[in-house]
Amino acid sequence: ELKVEQNPLFLSMQEGKNYTIYCNYSTTSDRLYWYRQDPGKSLESLFVLLSNGAVKQEGRLMASLDTKARLSTLHITAAVHDLSATYFCAVDVGGADGLTFGKGTHLIIQP
Amino acid sequence: NAGVTQTPKFQVLKTGQSMTLQCAQDMNHEYMSWYRQDPGMGLRLIHYSVGAGITDQGEVPNGYNVSRSTTEDFPLRLLSAAPSQTSVYFCASSSYRGHTEAFFGQGTRLTVV
């Protein structure tokens, strides 16, 4: 059974700081996705990582994938309040079972 | 583009009632799925479909039925609602054979009293 673990589950940080969210998974996969969810809203796709060593960047967010370590990271650079949200990683092992999600990281960025 | 459309957005049911959550996508995606989201639990897969006429169970299927008569539509039926089914439900679709992300509907917030 695939397990996806995110940490931390809750993070409060100040604007301007850097931080990293970690996503570990238990089964071989080279397809990992990051989503953002604002309170009461749906999930918005942030990054699609499809190979070992993949790195994607969008604004102050950068995601990477290490399939050998079964680890993905979401790095936040010089955080701003608008990045406050819950971030989910999701892993696809390639079958028909869909995505397995981590429990999410609730990120609060304080001015 | 509408993407993935879910209805209703909110619903209150009494224990034992039945209802259908509607989901439609206009992206010609093969793969559609239903998740429920509960506090601190992430999203858990209820049922999924890899194409019209084909459905299968996910992690938490009990109490739910699905059907897929067309590529576009994937309704989720609650047969006899229970308080444990109080949750937020999301429908998602993706290109099954492509390496693309899943697109999610707006969600349905269901309360069973």
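Structure: see above.
The structure reproduced in this document is the subject of the present report. Think of each chain on its own: its residues are numbered from 1, step by step along the sequence as written. Labels follow written order: the first chain is A, the first ligand is 1, and so on. For a predicted model such as this one, the threshold for reporting local features is a pLDDT of at least 70, and the threshold for listing and counting side-chain atom pairs is 80 or more; totals across whole chains, interfaces and linings nevertheless cover every residue. Calculation of side-chain values draws on the structure's entire complement of heavy atoms; hydrogens and water are dropped beforehand.

**Let's talk about the interface of chain A and chain B**
Think of interface size as the accessible area that goes away when the parts come together; that is how it is often given. The condition is simple: Residue contacts are defined here by distance: any two heavy atoms, one from each residue, within 4.5 Å place the two residues in contact. The term buried area denotes the loss of accessible surface (1.4 Å probe radius) that occurs when two parts are joined, taken as the sum for both partners. Salt bridge criterion: a side-chain nitrogen from Lys or Arg within 4 Å of a carboxyl oxygen from Asp or Glu. Under the rule applied, a polar contact is a pair of N or O atoms within 3.5 Å (in protein, one hydrogen donor and one hydrogen acceptor; residues adjacent in sequence only if both atoms are side-chain atoms). By definition, any uninterrupted DSSP run of H or I lasting at least four residues is a helix, any uninterrupted run of E lasting at least two residues is a strand, and each is numbered from the N terminus.
At the interface, 20 residues of chain A touch 21 residues of chain B. For the pair chain A and chain B, the summed buried surface comes to about 1600 Å²; carbon and sulfur atoms form 55% of the total. Our count for the chain A to chain B interface comes out at zero salt bridges. Linking chain A with chain B are five residue pairs in polar contact (both at pLDDT 80 or more), by the criterion used here. Among the elements of the structure, strand 4 (32-37) and strand 5 (43-49) of chain A are those that each provide at least two residues to the side of chain A that touches chain B.

**Side note on the pairing of strand 4 (residues 31-37) of chain B**
All names here are of chain B. Going by this rule: Buried, partly exposed and exposed residues are distinguished by accessible area as a fraction of the type maximum, computed with a 1.4 Å probe on protein chains only: under 20%, between the cut-offs, and over 50%, respectively. For two strands to count as paired, DSSP must find a minimum of two bridges between them.
Burial within strand 4 is extensive, with seven of its seven residues counted as buried. Because side chains alternate across strand 4, one face comprises the buried residues Y31, S33, Y35 and Q37, and the other comprises M32, W34 and R36, equally buried. Note that strand 4 and strand 9 (residues 87-94) share seven bridges and pair antiparallel. Among the inter-strand pairings, R36 is bridged to a residue of strand 9, identified as Y89. As judged from the six bridges shared by strand 4 and strand 5 (residues 43-51), these two strands associate in the antiparallel manner. From the neighbouring strand, M32 faces strand 5, where its bridge partner is S49.

**Examining the environment of G40 of chain A**
Here G40 of chain A lies in the loop between strand 4 and strand 5. As a C-alpha pair, G40 of chain A and T27 of chain A span 13 residues in sequence and 31 Å in three-dimensional space.

**Regarding the side chain of R68 of chain B**
All names here are of chain B. Condition: His is not counted here, nor are the chain ends, while Lys and Arg score as positive and Asp and Glu score as negative.
Tracing the chain through its elements places R68 in the loop between strand 7 (64-66) and strand 8 (76-78). One buried charged residue, R68, forms no salt bridge at all, with the nearest opposite charge on E72 at 7.4 Å. A distance of 3.2 Å separates the side chain of R68 from the backbone oxygen of T70, its partner in a polar contact. Within polar-contact distance, the side chain of R68 engages the backbone oxygen of T71 at 2.8 Å.

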